[in-house]
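Examination of the molecular architecture
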Amino acid sequence: MQPDKAATVRGWLSKATNDLRGARIDLEADPPLIEDALFHCQQAAEKSLKALLTSHDNPFKKTHDLDELGSACLALDAGLSESLLSVSTLTVFAWEFRYPGDAQVPSMHEAREYLDIANRLYTAILARLPQACHP
């Protein structure tokens with residue numbers, strides 16, 4: 001992989017790493033910042049998918065739709081199917097709690113499950129990329 005492309009992929013993964021860290025910190029806060037943590041889970045998944053697409057020179061439009069991004073990644077690597085099973089449930093967190101409204105906040109248990117979904121996807125994608133792309 002060309003150094004410039006590896007650096008771009010690494011940039012996406014570094015941002016995803018920071019989002020995963022932010023989600024963990026938010027859930028450890030007292031009281032937990034569940035809404036913010038869920039936003040970070042969605043962002044980590046989105047940036048992980050965009051890293052894989054970038055590594056394959058597969059262009060993508062500006063979107064937060066994890067179904068769309070996940071389908072594009074699945075076309076590149078069918079082995080990601082298990083990691084992508086629940087990822088679409090994170091899409092709504094890109095906007096659900098960013099503005100005032102009556103949205104039901106998931107429980108702490110559910111938030112931890114969402115973080116696990118984002119972590120599994122990140123790990124699966126990282127395993128498919130050369131070391132030069134790792135943050």
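The following paragraphs examine the structure supplied in this document. (Residues numbered from 1 in each chain as written. Predicted model: local features only at pLDDT ≥ 70, side-chain atom pairs only at ≥ 80, totals over all residues. Heavy atoms only, no water.)

A few points about the overall build of the chain
Counting secondary structure elements, the chain contains 5 helices and 0 strands. Ordering the α and β elements of the chain from the N terminus gives α-α-α-α-α. Relative to the globule expectation of 14 Å for 135 residues, the C-alpha radius of gyration of the chain, 15 Å, shows essentially globular dimensions. Dimensions of the chain, computed from C-alpha atoms along their principal axes, come out at roughly 45 × 25 × 25 Å. By residue count, 43% of the 135 residues in the chain fall in the buried class. Across the chain, the fraction of contacts at a sequence separation of at least 24, relative to all contacts at a separation of at least 6, is 67%. Total accessible area computed for the chain in this model is approximately 7400 Å², and 51% of it derives from carbon and sulfur atoms. Here the chain contributes 13 positively and 19 negatively charged side chains, and the mean placements of these two sets differ by 8 Å. (Helix = DSSP H or I, 4+ residues; strand = E, 2+ residues; numbered from the N terminus. Rg over C-alpha atoms; globule rule 2.2 N^0.38 Å. Buried < 20%, exposed > 50% of the residue type's maximum accessible area, 1.4 Å probe, protein only. Contact = heavy atoms within 4.5 Å. Areas by Shrake-Rupley, 256 points an atom, 1.4 Å probe, with all protein chains shown as cover. Lys, Arg positive; Asp, Glu negative; His and termini not counted. Charge placed at Lys NZ, Arg CZ, Asp CG, Glu CD.)

Points about the packing of helix H2 (residues 34-55) against helix H5 (residues 108-127)
One way to put it is that H2 packs onto H5 with a least axis distance of 9 Å and a crossing angle of 15°. It follows from the interaxial angle that H2 and H5 lie roughly parallel. Both H2 and H5 take part in a crossing whose hand is left-handed. Every residue of H5 that contacts H2 at Ile34, Leu38, Cys41, Ala44, Ala45, Ser48, Leu49 and Leu52 is listed here: Met108, Ala111, Tyr114, Leu115, Ala118, Leu121, Tyr122 and Ile125. Here the contact of H2 with H5 is built from residues that sort into 15 nonpolar, 1 polar and no charged. (Axes fitted to C-alpha atoms, helices over the stretch in contact; angles between N-to-C directions. Parallel < 35°, antiparallel > 145°, perpendicular 65-115°, else oblique. Left-handed = near helix turned anticlockwise from the far one by under 90°. Nonpolar A, V, L, I, M, F, W, Y, C, P; charged D, E, K, R; others polar.)

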